[in-house]
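What follows is each chain in one-letter form.
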Number of protein chains: 2
Amino acid sequence: MSHTRSSDARTLPMPDLGGSFPGPFATSPHANAIEQQTADWLRTFPLLRSPSEQKILCNITAQGVARLLPTADRDGIFLCADLFLWLTAFDDTHGEAEGARDTTRLVHHISQCVHLLNGYDEPTEEDSAYTDALRDLLGRLQKRATPTQYLRLTTHLRDNLFGILWEAHHLDRPDQVTLSNYCAMRPHTVFVRTVMATAEVALRYELTDDQRASAAVRELEKAVANLAGWINDLASYAKETDRGGPTPLSLPTLLIRHRECDLEGAFRLASRMCEDQASTARLRITELAVNSKGPLADHARAMEGIAASYVWHVGHARYKR
Amino acid sequence: MSHTRSSDARTLPMPDLGGSFPGPFATSPHANAIEQQTADWLRTFPLLRSPSEQKILCNITAQGVARLLPTADRDGIFLCADLFLWLTAFDDTHGEAEGARDTTRLVHHISQCVHLLNGYDEPTEEDSAYTDALRDLLGRLQKRATPTQYLRLTTHLRDNLFGILWEAHHLDRPDQVTLSNYCAMRPHTVFVRTVMATAEVALRYELTDDQRASAAVRELEKAVANLAGWINDLASYAKETDRGGPTPLSLPTLLIRHRECDLEGAFRLASRMCEDQASTARLRITELAVNSKGPLADHARAMEGIAASYVWHVGHARYKR
């Protein structure tokens with residue numbers, strides 16, 4: 001299925017999120033320090049070959065995490081930045097086109113990560129910069145998180161790795177993906193649930209089991225998770241179609257097929273879907289921040305930072321054409 | 001790589017586990033009730049088409065779980081049996097040869113399960129007997145387990161699903177798998193860590209985080225996990241090679257290549273490896289059962305039941321040629 005653009009992707013309708021997340025967003029005073037530290041971390045663990053790719057990734061990660069965790073301490077924010085950077089670099093290097101080309105190789109890389117996630121951290125002859133870096137991250141996370149927070153985080157990391165693999169298997173055949181399956185997997189490929197679990201560790205709060213299972217928290221998290229994936233899809237669409245090649249595995253593509261609209265109609269519909277999720281998230285954030293204190297209020301603020309950082313990052317140069 | 005047997009697999013050396021796990025093994029008084037209940041459960045959730053396959057799977061599962069949890073109550077033991085049955089049926093139906101033939105299809109089936117494991121249990125238009133059955137299992141597990149036990153269990157289930165996928169990608173190319181990678185993944189493809197997590201729920205005890213992280217518990221679990229996969233490999237080798245086709249992805253195959261021995265030598269070596277793991281497990285079980293009480297002693301007994309059930313099950317007709 002090859003893509004023919006019926007509209008210029010640069011002029012397509014985009015969501016108006018200013019009502020729910022108006023900005024300017026609070027930013028950590030450590031933003032520059034994060035950029036420096038991620039660059040240093042990449043010197044210790046050379047995950048990316050291209051210096052320019054490295055520079056742009058450190059910049060977007062540092063600036064994004066600075067908006068995600070404006071009040072976190074340096075160690076917490078560094079940890080979140082390095083983890084997000086690892087996920088993005090793993091996806092860029094072993095997932096996406098490379099993963100689609102050789103899914104068995106990707107499965108092998110993931111199996112090494114799953115072994116580390118299971119608590120086997122002895123070095124092996126097959127170690128790479130990716131396993132070394134993951135070992136470093138897991139050690140730091142384990143020190144800072146409670147055992148249950150660590151377990152939850154490593155569970156979401158497994159879902160990210162599976163999400164990358166799911167994407168690699170479907171990248172060249174978006175026509176085989178249903179809309180509901182796409183929406184189910186998208187939070188894992190955009191890493192947003194891992195970001196939520198990391199924010200909890202970085203900000204040193206922990207929801208009780210009842211709070212986590214409550215309708216308010218579940219609905220808030222789901223809205224932020226959907227929003228994160230969908231606005232990323234809209235923002236990166238033009239860049240992805242500029243490359244030529246097959247139609248991207250992306251929300252607009254799925255809407256065109258399943259809602260029988262053209263590209264502009266798909267963008268209009270997707271924009272409305274994003275606005276709806278943003279408005280649900282905002283309602284729940286306000287409700288939790290006003291009516292609660294302690295971990296629930298902390299969680300509302302964390303979700304606000306996460307939504308803000310995803311809303312902010314889609315304007316970054318990484319997504320410019 | 002096609003397999004040529006240099007020895008008759010039926011006369012190959014097998015491990016002597018009588019010193020560590022002598023048997024006869026304690027058996028639940030509910031064994032027959034489990035067999036009846038798993039058959040009923042398969043009528044509600046038709047996971048398998050062939051009545052004979054269904055009958056043999058219910059029998060081995062019921063008898064195995066009766067030895068695994070000789071002291072558990074009926075609900076706990078039924079839950080463990082149904083879960084193990086689900087995993088085995090999923091592997092037989094969607095994994096193995098079928099999964100290797102079409103890994104994208106397998107990825108799709110797994111993605112539906114991952115969505116349920118993430119707590120989204122609304123019915124979808126894509127539901128199958130497998131998703132319906134998993135939804136039933138997760139609901140029952142959630143009722144009986146603590147939130148952390150439930151989280152741990154669903155994490156191990158993700159590893160099982162990934163293990164099935166890893167196997168599907170490598171089934172026809174065991175020569176691309178290293179020995180250490182094989183040993184790392186084998187516990188997930190034999191479901192033993194999930195069985196451990198389920199035993200904890202079925203027997204209603206919970207290790208503290210410190211107990212779980214202790215060297216004694218980790219070493220015991222690792223030994224039982226290795227033993228479970230390796231004896232299964234030895235027991236099923238003859239059946240798998242009788243089918244003809246490619247060399248099985250199995251410990252003997254890996255040892256032949258990586259330790260430069262023939263099939264008989266590989267079986268001798270693997271048998272010694274099994275005996276070593278069994279003896280480590282027995283030592284740790286005795287130590288924990290004698291020196292501790294409460295959850296640690298419960299855990300030692302649970303691990304004993306798990307080892308016993310895997311030692312027992314390799315003599316079952318499912319593995320006869």
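What you see is a predicted model, and the numbers here were worked out from it, not measured in a lab.

Colleague: What exactly am I supposed to notice about the side chain of Arg158(A) here?
Modeller: Structurally, Arg158(A) is set in helix α7 (residues 147–170). Look at Arg158(A) and you get buried, because its relative accessible area is 7%. Once residues within four sequence positions are removed from consideration, Arg158(A) is found in contact with Leu117(A), Asn118(A), Thr155(B) and Asp159(B).

Colleague: Explain the side chain of Thr189(A) to me, please; I cannot follow it from the model alone.
Modeller: Residues and elements named next belong to chain A. On the secondary structure map, Thr 189 appears in helix α8 (residues 179–189). Here Thr 189 falls in the buried class, since its relative accessible area comes to 8%. At 2.8 Å, the side chain of Thr 189 and the side chain of Arg 186 are in polar contact. Sequence-distant contacts of Thr 189, that is, excluding residues within four places in its chain, are made with Gly 163, Ile 164, Trp 166 and Glu 167.

Colleague: What should I look at first to understand empty space enclosed by the protein in this one?
Modeller: Rolling a probe over the atoms, with the probe sized like a water molecule, indicates the empty space that remains. Summed over all chains, the structure comprises two cavities of 30 Å³ or more. Looking at the largest cavity, its volume works out to about 110 Å³. Lining the largest cavity we find 13 residues, and of these Arg158(A), Asp159(A), Phe162(A), Arg158(B) and Phe162(B) sit closest to its centre. Only α5 (103–117) and α7 of chain A together with α5 (103–117) and α7 (147–170) of chain B provide two or more residues apiece to the lining of the largest cavity. For the lining of the largest cavity, the residue count by class is nine nonpolar, no polar and four charged. Its volume calculated, the second largest cavity comes out at about 30 Å³. Looking at the lining of the second largest cavity, the elements with two or more residues in it are α3 (74–94), α5 and α6 (129–144) of chain A. Here the residues of the lining of the second largest cavity are counted per class, giving three nonpolar, five polar and no charged.

Colleague: Looking at this structure, how should I read the interface of chain B and chain A?
Modeller: Accessible area lost during the coming together of the parts is what is often quoted as the interface size. Listed by partner, the interface residues are 38 residues for chain B and 38 residues for chain A. A buried area of about 3,300 Å², summed over both sides, lies between chain B and chain A, and 57% of it is on carbon and sulfur atoms. The tally of links between chain B and chain A comes to two salt bridges. Between Asp159(B) and Arg158(A) there is a salt bridge whose closest N-O contact spans 2.8 Å. Where chain B meets chain A, there are 20 residue pairs in polar contact (both at pLDDT 80 or more). Along the lines of polarity and charge, the residues of the side of chain B that touches chain A split into 11 nonpolar, 17 polar and 10 charged.

Colleague: Explanation requested: the nonpolar core in the structure shown.
Modeller: Generally speaking, soluble globular proteins have nonpolar side chains that are buried together. Ranked by internal contacts, the top residues of the largest apolar core, which has 211 residues, are Leu47(A), Trp86(A), Ile306(A), Leu47(B), Trp86(B) and Ile306(B). Once you skip the residues sitting within four places of it in the chain, Leu47(A) turns out to touch Trp41(A), Leu42(A), Leu85(A), Trp86(A), Ala89(A), Thr93(A), Ala129(A), Tyr130(A) and Ala133(A).

About the thresholds
Residues numbered from 1 in each chain as written. Chains lettered and ligands numbered in written order. Predicted model: local features only at pLDDT ≥ 70, side-chain atom pairs only at ≥ 80, totals over all residues. Heavy atoms only, no water. Helix = DSSP H or I, 4+ residues; strand = E, 2+ residues; numbered from the N terminus. Buried < 20%, exposed > 50% of the residue type's maximum accessible area, 1.4 Å probe, protein only. Contact = heavy atoms within 4.5 Å. Polar contact = N/O pair within 3.5 Å; in protein donor to acceptor, adjacent residues only side chain to side chain. 1 Å grid on protein atoms, 1.4 Å probe; cavity = no way out; pocket = protein on both sides within 12 Å on 5 of 7 lines; lining within 4 Å. Points joined across faces, edges and corners; volume = space filled by probe spheres on them. Nonpolar A, V, L, I, M, F, W, Y, C, P; charged D, E, K, R; others polar. Buried area = accessible area lost by both parts, 1.4 Å probe. Salt bridge = Lys/Arg side-chain N within 4 Å of Asp/Glu carboxyl O. Core = buried A, V, L, I, M, F, W, Y, C linked by side-chain atoms within 4.5 Å.

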